Amino acid sequence: MPVYEYRCEQHGVSEITRPLGMAPKSAPCLVCGSEASRVFSVGMVRTGSRTALLAAMDRAEKSRHEPDVVTSVPSTGAKRRTPVLPLTPALRRLPRP
């Protein structure tokens, strides 16, 4: 069963277990009972360094309000060619476009 996070203004984040897709938009705080709004977070992120995770979360939060402006398509370096397989004898008889 998934774990959903809710944030109370006074007591911070609390977790509630509900069936998949059955989490309400808000729930009562487990400490004070006031309305706590649902928080959407990355689930099961336990690997990697904490500083890298915090930096990624900061970039994601900043991009909500100040998205990066892109002026051109990023280059991929050298152009890659799709390998062409040799035609089999049966395919050689087909008309070519």
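See the structure printed just above.
Because the structure is a prediction, the values reported are computed rather than measured. (Residues numbered from 1 in each chain as written. Predicted model: local features only at pLDDT ≥ 70, side-chain atom pairs only at ≥ 80, totals over all residues. Heavy atoms only, no water.)

K.L.:
Could you clarify how one ought to interpret the overall build of the protein chain in this entry?
P.N.:
On a plain count of helices and strands, the protein chain comes out with two helices and four strands. Listing each helix as α and each strand as β along the protein chain from the N terminus yields β-β-β-β-α-α. By residue count, 10% of the 97 residues in the protein chain fall in the buried class. In the protein chain, the proportion of contacts linking residues at least 24 apart, taken out of those at least 6 apart, comes to 22%. Of the accessible surface of the protein chain, which amounts to about 9,200 Å², a share of 58% is contributed by carbon and sulfur atoms. (Helix = DSSP H or I, 4+ residues; strand = E, 2+ residues; numbered from the N terminus. Buried < 20%, exposed > 50% of the residue type's maximum accessible area, 1.4 Å probe, protein only. Contact = heavy atoms within 4.5 Å. Areas by Shrake-Rupley, 256 points an atom, 1.4 Å probe, with all protein chains shown as cover.)

K.L.:
In this structure, what is going on with the sheet that holds strand β3 (residues 26-28)? I would like to understand it.
P.N.:
Strand order across the open sheet formed by four strands is β2-β1-β4-β3, with antiparallel pairing between neighbours. The open sheet has two edge strands with one neighbour each: β2 (12-17) and β3. Averaged over all pairs of adjacent strands, the angle between their axes in this sheet comes to 40 degrees, without regard to strand direction. As paired elements, strand β1 (residues 3-8) and strand β4 (residues 35-39) share three bridges and run antiparallel to each other. When the bridges of β4 are listed, E5 appears paired with V39. (Pairing = 2+ DSSP bridges. Axes fitted to C-alpha atoms, helices over the stretch in contact; angles between N-to-C directions.)

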